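# Examining the three-dimensional arrangement
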Amino acid sequence: MTERRKLIVVSNRGPVTYSRDDSGERVAKRGGGGLVTALRSLVTQHDVTWIASAMSEEDAAVAGEAGGEAVEETADDGSPYRLKLVVHDPVAYDRYYNVVANPVLWFVQHYLWGLATAPEFDHGVHAAWAEGYVSVNRAFAEAVVEELERSPDASVFFHDYHLYVAPRLVRERVPDATMSHFVHIPWVMPDYWRALPEPIRRAVHEGILANDVVSLHTDRWCRSFLRSCEDVVGAEIEFEGGLVRHGGRETSVRARPISVDPEEFAEIAGSGEVRAAEHDIAAERPEFLILRVDRTDPSKNIVRGFRAYELYLEAHPEMYGRVGMLALLDPSRQDIPEYSEYLGAIQRGARTVNDRFQHPGWLPLDLRIADDFTQAVAAYKQFDVLLVNAIFDGMNLVAKEAPLVNTRDGVLILSENTGAHEELEPWVVSVNPFDVAGQAEALHVALTMAGDERRVRLEAIRRHIREHDISAWIETQLHDLDEVVGRSPTSISA
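Residues numbered from 1 in each chain as written. Predicted model: local features only at pLDDT ≥ 70, side-chain atom pairs only at ≥ 80, totals over all residues. Heavy atoms only, no water.

## So, the nonpolar core
The criterion, for reference: Nonpolar cores were defined as sets of buried Ala, Val, Leu, Ile, Met, Phe, Trp, Tyr and Cys residues, with membership established by side-chain atoms within 4.5 Å. Exposed residues in this analysis have more than 50% of their type's maximum accessible area, buried residues have under 20%, and partly exposed residues fall in between, with area computed by a 1.4 Å probe over protein chains only. For helices the rule is a DSSP run of H or I covering at least 4 residues; for strands it is a run of E covering at least 2, with both sets numbered from the N terminus onward. Only heavy atoms matter for contacts: two residues are in contact if any of them lie within 4.5 Å across the pair.
Grouped together as the largest cluster of nonpolar side chains are 71 residues, with contacts concentrated most on Val 10, Phe 158, Tyr 164, Trp 187, Leu 216, Phe 225 and Val 244. No other element matches helix α4 (residues 123–150), which puts twelve residues into this core. Residue contacts for Trp 187: discarding those within four places in its chain leaves Gln 109, Tyr 164, Trp 193, Val 204, His 205, Ile 208, Leu 216, Trp 221, Ser 224, Phe 225 and Ser 228. Membership of the second largest hydrophobic core comes to 58 residues, among which are Ala 54, Phe 182, Leu 291 and Val 388.

## Details of the sheet that holds strand β14 (residues 323–330)
Condition: DSSP calls a pair of strands paired once it identifies at least 2 bridges connecting them. To define axes, lines are fitted to C-alpha atoms, for helices over the stretch in contact only, and angles between the resulting N-to-C directions are given on a 0 to 180 degree scale.
Within the open sheet, the six strands sit side by side as β15-β14-β13-β16-β17-β18. Their pairing is parallel. Strand pairing shows two members of the sheet lacking a second neighbour, β15 (365–369) and β18 (429–431), which therefore form its edges. Ignoring strand direction, the axes of neighbouring strands in this sheet form an average angle of 20°. Examined bridge by bridge, strand β13 (residues 288–295) and strand β16 (residues 385–388) share two bridges and lie parallel to one another. Following the sheet pairing, Leu 291 is matched in β16 by Leu 386. Contacts from helix α11 (residues 302–315) reach β13, β14, β15 and β16, with the element oriented near 175° to β14.

## Topic: the packing of aromatic side chains
The condition is simple: By convention, a stacked pair of Phe, Tyr or Trp rings (six-membered ring in the case of Trp) has centres within 6.5 Å and planes under 30 degrees apart, an edge-to-face pair has planes over 60 apart, and any other such pair is tilted. Whether a charge lies above a ring is judged from NZ of Lys or CZ of Arg, which has to be within 6 Å of the ring centre and within 35 degrees of the ring normal.
Inspection of every chain in the model, using the stated rule, returns 17 aromatic pairs. Here Tyr 93 and Tyr 96 contribute two aromatic rings whose centre-to-centre distance is 5.2 Å and whose plane-to-plane angle is 50°, an arrangement assigned as tilted. Taken together, the residues Tyr 93 and Tyr 96, both in helix α3 (residues 90–109) and three residues apart, mark about one turn of the helix. Comparing Tyr 93 with Tyr 96, the two get one shared label, buried. Residues Tyr 164 and Trp 187 carry aromatic rings whose centres are separated by 5.7 Å and whose planes lie at 65° to one another, so their mutual orientation is edge-to-face. On the criterion of sequence distance, the pair formed by Tyr 164 in the loop between β7 (155–159) and α5 (166–173) and Trp 187 in the loop between β8 (178–182) and α6 (190–193) is long-range, its members being 23 residues apart. By the burial criterion, Tyr 164 is buried, and Trp 187 matches it. One aromatic cluster is present, formed by Tyr 93, Tyr 96, Tyr 97, Trp 129 and Tyr 133 through successive ring pairs. In this structure, Arg 333 packs its charged tip against the face of Trp 106, placed 4.4 Å from the ring centre.

## Quick look at the sheet that holds strand β11 (residues 243–246)
Sheet strands pair via backbone hydrogen bonds, and the direction of the pair is either parallel or antiparallel. Spatially, β5-β6-β4-β1-β7-β8-β9-β12-β11-β10 is the arrangement adopted by the ten strands of the open sheet, whose pairing is mixed. Since the sheet does not close on itself, it has two edges, and those belong to β5 (71–74) and β10 (236–238), each with one partner. With strand direction ignored, the average angle separating the axes of adjacent strands in the sheet is 25°. Bridge count between β5 and strand β6 (residues 80–86): four bridges; the pairing is antiparallel. By the bridge assignment for β6, Val 71 is matched with Leu 83.

Read these as geometric descriptors, not functional statements.
So this is what it looks like as structure tokens:
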């Protein structure tokens, strides 16, 4: 363990969000998302100030009552931390989140554009960049600078694609700040970045290169990052050492795959709520259960997965009534047109499978669209095959969570374009996310795999995840920061 230190964690979503209960009392609810879960142990081991957006009206009220200062909060285990909520202009935030961060940056970093028809950067998108994304990042940067004035020896820990511009804005004000940035999504090759207008793609790269350390999930994403820094901004690269020189600074680039907390998942899986949900699934399940647990995000490749299942059923009529797919999907970002349209495509895809193959007493594809984590963990315990066929994914924590608690020696089918594939490849059935025929064959391979081999593969995945858990992920990044402390950064050139 590294020594206790002062940390400023910066993310769009915070560890809690506030609301009022039926009696009018203010209540704090734990924030959603894997990032918040991943970073919780930081609060227990270090002196943390967490800076995040005010996401609700009550969040804004808390920030207002605090006069823009941080408030004292308490983690689930009783550990204290400081929470600083940044209140944004609603129009600016909408542009930042719903016009730039998700329809632009998320799409480019998951290779979701076909380029023949999208993207199209009109005046509205350019305005959303300047008056939304940059404006919100500037507010985050101001909050970080205020905290660094309070604690000059604190290290800053930026997170994800929402905050690419903020590090440079901080560096211009605090040249000797120690800063790290973890990117939770893939980093695409240089040519694909050229789908973005030159000022935007340059600002993204120069913003993130203001950090001392940039971390991504895989060696693959690190290589892409280094190449795009060379191509987009003309940085000098040491590929072997993972070092970028640009604007009078050096930035270390590291592969640090995120993980989960095995003990926490064991506790959740054994809870009464999960056992009750598992009982219901076990009572309804067919002989063989194929599971997928996803958000309804185009990057998750759900429609192609349904098509692959359709091809599997077409080729294996002997499995009619014996196999079923359970799709537990969390509705995601429905304010964004591309996401609401994709949800419709998911529903049509499921209906196609069922209309073609169902008969009395057998529903081939059980589609459930809801945010129900308890049901998801219960299903993790019951799958015979877990299908993770994402187009591209920074990591995909479902691929790590589900094997930990599975009770049926389940087989993991995993897209070669997920970050998890770099770690788990020896023990999974690998698929190309665009090859639906190959995915259909992978379903057959997984469902007919010998019991001994299933068990060996699952246990190997579990051992790897237990050895490389969330605590190890955090410690390696803090160690990376320790290595750069003492480097004497010069100011960024204009």
